[in-house]
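# Notes for the structure review
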Amino acid sequence: MADADQITLSGSESESTHANSSMNDKNREENSSSTSSVQKSRSWNETRIKLPSKYFQFMGDKKDGKGFLVKCLLCHESKAKYTNKGKIELLTITSNSGYNAKRHIKSKHPTHVTEFNTAWNNRKEDNEEESSSSSVPSTKKVRKPNQSSITHHLAGAWKYKQIRTQEDLDKAILNHLIADLLPFSEVDKEGFKELIGGLSGPLIIKSRPFMVELLKKTYNKSKSDLISELQKADYVSTTADCWTSRRRSFLGMTVHWLGQDLGRRSACLGVRRIFGSHTYNVIGKAISDIHTEFKISSKVNCTITDNGSNFLKAFNMFQRSSSAEKKPDSDDDTDEDDEEDIVFIEIGDIMNCGEDLLEQGDLCDDEDHFYLPPHMRCSCHSLNLMATTDVKNIENQRFQKLKNSVDAKLTAIWNKQSRSSLASDFIKATLGELFVIHNATRWNCYYDALVKVESFLTKDRDNLAITFEHFKLKKLSSVEEEFLREYIKIMKPLTEALDVFQNEEQMSVGCVLPVLSLLKEKITAFKNDRTIIHCAPLVTSLLNGLEKRFRSFHENKSYRLASISDPHFKFSWVSEEHKTEDIKLLKQEVERQLMKASRVTSQPQ
């Protein structure tokens, strides 16, 4: 019986072994077929164009069969990128064209264009070696991709590109000097050499003269790239400003244009030294030279500056228009810092030039003849002048007496905080935080300083009184506190308008008139506010300032067209008496653009 059982058990074991053997054979065939299919799907075959494996990884064919998907290894070098739907970012490539791959490298990774072109020329050999190595039969099982390291998901991990070549090191050191405004002698310091040498290994830290030459080459390349980019734009606008720092004067200019994708682009044209006085002819010549240098003289539709008399006179004198159209700017609209408009001319130039040139204020050389584009005043600077110059010129004696008294008491406590560390520590310990200290450059800082004082009066009046008593300063009276609150209440709409105008990302010309119209409505409402007792002259001054400084803005057709054609505003800000006129203006502009487009299409190619 035992033998029979043993025989039966042996028979069952034999059948089981045979079954397991056949199952293993079947699994080997399936694994072999799946391995070959994976290798086939993960490699470049004859029907697809071959891309450099150093830059792109094949991810699969598209469902419609029109092309395939790849992953850019440069984009995903430090951290995987995902779309809004949570899928990994992939690039679509046409089966028989590598245009999308080249365009992606050129637009997203311009520093790798040269290396990519070399790899593109050698891509066949690279992929043949890869395919030959993948065609070697292997008995290993197909493994799942390793799970990504946790460091890839940590904030700030792999943020910076690893330096591998001498060129990368030179660029990194130059960028370090430029970004941190360091002198070139930094590269000769022993501490710097020890730090960078320990990180870069066998790579060489170049000397100061080499870095100077590299900066010149980098600047020339950036400048040529900017010029070529500006050549693609139909119109550009520029801004200009002058300032003095460390006994030296500078002129800074920026340029703004729309790219091919209608996205806003901005760049710095230059920061140049200005020698001598900031007279109108010196500034006008400098602006014209920068426009000519970047080949945009015929493309600049406007240049925006502040309200300084030198800028206003420069554009009034040298703007390309007839003398009848030129209107001298009122002295009331200019900045306080006026320069003497004295032009020194050599006696030899006077003897050699004709009277007609002398009347125009130009010298004989052709290079001295220049023209400036249309001019626009900075809206932010005009609002700042309303809050400073116009308020200072209010003739109401009671208002000026209260304002001067408040300013004197607050300036005293602000000076204590700024000039003494002991006073600053006491204020911080008593009030829990410090006062906001304003500067003379931006009026917003003065408003923020007053708001901070008002918050102390509301939340911590007792400790504020203790602070004034500690420094033996006179605290604000009840009337002065009322004046302070009224002043902040009236000036708040002005600060909100300034915040809109100073938004670099979303601000446009179309926002100017709607914002000014809304500002005027808010300030006009204060005329009927019975709680305004001490600052009624301030309301009148602001309304007069809006009328005086922005009247030309409302009369400018370009401003009105920009606002009514903006989908955010349309005609919502236009009064009923001007709506019919603006509708007619918009129709005329549409007809003009249609005629212009028809002329372009009708011209023979």
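Residues numbered from 1 in each chain as written. Predicted model: local features only at pLDDT ≥ 70, side-chain atom pairs only at ≥ 80, totals over all residues. Heavy atoms only, no water.

Right, let's get into helix α13 (residues 397-419). Spanning 23 residues, α13 covers 32 Å between terminal C-alpha atoms, matching the ideal 33 Å at 1.5 Å per step. Those residues of α13 lying buried are Phe-399, Gln-400, Leu-402, Lys-403, Val-406, Asp-407, Lys-409, Leu-410, Ile-413, Trp-414 and Gln-417. Where the residues of α13 are buried, they touch α12 (379-392), α14 (421-431), α15 (443-459), α16 (461-470), α17 (478-501) and α19 (536-555). Capping the start of α13, Asn-396 holds a side-chain oxygen 3.1 Å from the backbone nitrogen of Arg-398, two or three residues further along. (Helix = DSSP H or I, 4+ residues; strand = E, 2+ residues; numbered from the N terminus. Expected span 1.5 Å × (residues − 1). Buried < 20%, exposed > 50% of the residue type's maximum accessible area, 1.4 Å probe, protein only. Contact = heavy atoms within 4.5 Å. Polar contact = N/O pair within 3.5 Å; in protein donor to acceptor, adjacent residues only side chain to side chain.)

So, about the packing of aromatic side chains. The geometry of an aromatic ring pair is captured by two quantities: the separation of the ring centres and the angle between the planes. In total, this model carries 15 aromatic pairs according to the counting rule given. Aromatic side chains Phe-58 and Phe-68 sit 5.7 Å apart centroid to centroid with 45° between the ring planes, which places their arrangement in the tilted category. Note that Phe-58 is positioned in strand β1 (residues 56-61) and Phe-68 in strand β2 (residues 68-72), a separation of 10 residues in sequence. A centroid spacing of 4.9 Å and a plane angle of 35° characterise the contact between Phe-553 and Tyr-559, whose relative ring orientation is tilted. When sorted by exposure, Phe-553 lands in the same class as Tyr-559, which is buried. Pairwise contacts between aromatic rings join Tyr-55, Phe-56, Phe-116 and Trp-120 into one cluster. (Phe/Tyr/Trp six-rings, centres within 6.5 Å; stacked < 30°, edge-to-face > 60°.)

Our focus in this paragraph is the pattern of salt bridges. The tally for this structure, following the rule as stated, stands at 24 salt bridges. Between Arg-549 and Asp-390 there is a salt bridge whose closest N-O contact spans 3.0 Å. Note that Arg-549 is positioned in helix α19 and Asp-390 in helix α12, a separation of 159 residues in sequence. Take Arg-549 and Asp-390: they sit in the same class, and that class is buried. A single salt-bridge network, built from bridges that share partners, covers Glu-454, Arg-461, Glu-481 and Arg-485. (Salt bridge = Lys/Arg side-chain N within 4 Å of Asp/Glu carboxyl O.)

Quick look at the environment of Thr-292 now. Note on placement: Thr-292 falls in helix α8 (residues 280-293). When the C-alpha atoms of Thr-292 and Phe-370 are compared, they prove to be 9.7 Å apart, with 78 residues separating the residues in sequence.

Grouped together as the largest cluster of nonpolar side chains are 64 residues, with contacts concentrated most on Leu-383, Trp-414, Phe-435, Trp-443, Met-491 and Leu-538. Take this core: its biggest share by element is 10 residues, from α17. Apart from residues lying up to four places away in sequence, Phe-435 is in contact with Ile-413, Trp-414, Gln-417, Ile-427, Lys-452, Val-453, Phe-456 and Leu-464. Listed in part, the 28 residues of the second largest apolar core include Cys-242, Leu-251, Phe-294 and Phe-311. (Core = buried A, V, L, I, M, F, W, Y, C linked by side-chain atoms within 4.5 Å.)

Glancing now at the pairing of strand β4 (residues 236-245). Bridge count for β4 against strand β7 (residues 300-305) is 4 bridges, and the pairing is parallel. Bridge pairing in β7 places Thr-239 opposite Ile-304. Adjacent in sequence and paired antiparallel, β4 and strand β5 (residues 248-258) are bridged by 2 residues, among which Arg-246 carries a positive phi angle near 55°. (Pairing = 2+ DSSP bridges.)

Turning our attention to helix α9 (residues 309-318). Within α9, 8 of the 10 residues are buried, which leaves the element mostly enclosed by the surrounding structure. Looking at α9, one finds that the buried residues are Ser-309, Asn-310, Phe-311, Leu-312, Ala-314, Phe-315, Asn-316 and Phe-318. Looking at the buried residues of α9, the elements they touch are β4, β5, α8, β7 and β8 (375-377).

With respect to topology, 5 strands assemble into an open sheet ordered β6-β5-β4-β7-β8, the strand pairing being mixed. Each edge of the open sheet carries a strand with a single partner, namely β6 (264-274) and β8. Across the sheet, the mean angle from the axis of one strand to that of its neighbour is 25°, orientation sign disregarded. Its contacts with the sheet put helix α7 (residues 208-231) on β4, β5 and β6, and the angle it makes with β6 is roughly 130°. (Axes fitted to C-alpha atoms, helices over the stretch in contact; angles between N-to-C directions.)

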